[in-house]
Amino acid sequence: MSTVRPGRGAYAALLLVAVLVNLPLLHHTWQQWRIDRDGVDVTAEVTDTDVLREESDPHHVVRFRLPEDVDPSGRTWPAQVDPETWQRAEETGEVGVRVLPGEPGAHHVDGEQPSVLGWVVIGVVDVIVLLLALLLWRIRRTGMTSEVIARDTSHG
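Residues numbered from 1 in each chain as written. Predicted model: local features only at pLDDT ≥ 70, side-chain atom pairs only at ≥ 80, totals over all residues. Heavy atoms only, no water.

J.: Where do I start with the pairing of strand β5 (residues 103-109) in this structure?
T.: On a regular strand, each side chain points to the face opposite its neighbour's, so the side chains alternate between the two faces of the sheet. Sheet topology places strand β4 (residues 94-100) next to β5; four bridges connect them, and they run antiparallel. Across the sheet, residue Leu100 finds its bridge partner in β5, namely Glu103. Linking β4 back to β5 in an antiparallel pair, the connection comprises two residues, with Gly102 at a positive phi of about 80 degrees. (Pairing = 2+ DSSP bridges. Helix = DSSP H or I, 4+ residues; strand = E, 2+ residues; numbered from the N terminus.)

What follows is the structure, given as structure tokens:
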């Protein structure tokens, strides 16, 4: 009967997965902090407004162009906003944006409502990684043998 015990490599692999999965959250948090600290407020030209899934789950979207001195390329950026901001943008043709100088892609629109789907996915994967870590810890602590593991997996 041989004993199967996960080594440090298994824990290192789980730690690496956890870090990789949470990189978008870390990057978003860092970027929002930079925008809050160093961003400048500008008025952007609204180029289009739309309501997606109006009947079931309305998402109010504005597309806007930053001032030329902020974004010389003149790109159009989308943002999901609250209904009040959307209504004002439709009426005035403008929306407030806080943007990092020299980085037009790093911006936050007034009334912006980011999608939560990405955060839900990250949370689910984090729970899975945590459960795997607990399973590895239990296997290591109890010293399960390969025969016990084989028997348990064949019955389950």
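J.: Would you explain a nonpolar patch on the surface in this entry?
T.: On the surface, Leu25, Val116, Trp119, Val120, Val124, Ile128, Leu132 and Leu135 cluster together into a nonpolar patch covering about 680 Å² of accessible area. Considering each element in turn, the nonpolar patch owes the most residues, six residues, to helix α3 (residues 117-142). By the element assignment, Val116 lies in the loop between β5 and α3. On the basis of relative accessibility, which here comes to 54%, the residue Val116 falls in the exposed class. (Patch = residues over 30% accessible without salt bridge, like charges linked within 9 Å, V, L, I, M, F, W, Y side chains within 5 Å. Areas by Shrake-Rupley, 256 points an atom, 1.4 Å probe, with all protein chains shown as cover. Salt bridge = Lys/Arg side-chain N within 4 Å of Asp/Glu carboxyl O. Buried < 20%, exposed > 50% of the residue type's maximum accessible area, 1.4 Å probe, protein only.)

J.: Would you take a moment to explain the nonpolar core for this structure?
T.: Inside soluble globular proteins, nonpolar side chains tend to come together where they are buried. Counting 17 residues, the largest nonpolar core has Val62, Phe64, Leu66, Val95, Val97 and Val109 as the members making the most contacts within it. Going through the elements one at a time, β1 (40-52), β2 (59-65), β3 (76-81), α2 (83-92) and β4 are the ones with two or more residues in this core. Ranked by residue count, the leading element in this core is β1, at four residues. In contact with Val97, other than residues within four places in its own chain, are Val40, Asp41, Val42, Ala44, Phe64, Leu66, His107, His108 and Val109. (Core = buried A, V, L, I, M, F, W, Y, C linked by side-chain atoms within 4.5 Å. Contact = heavy atoms within 4.5 Å.)

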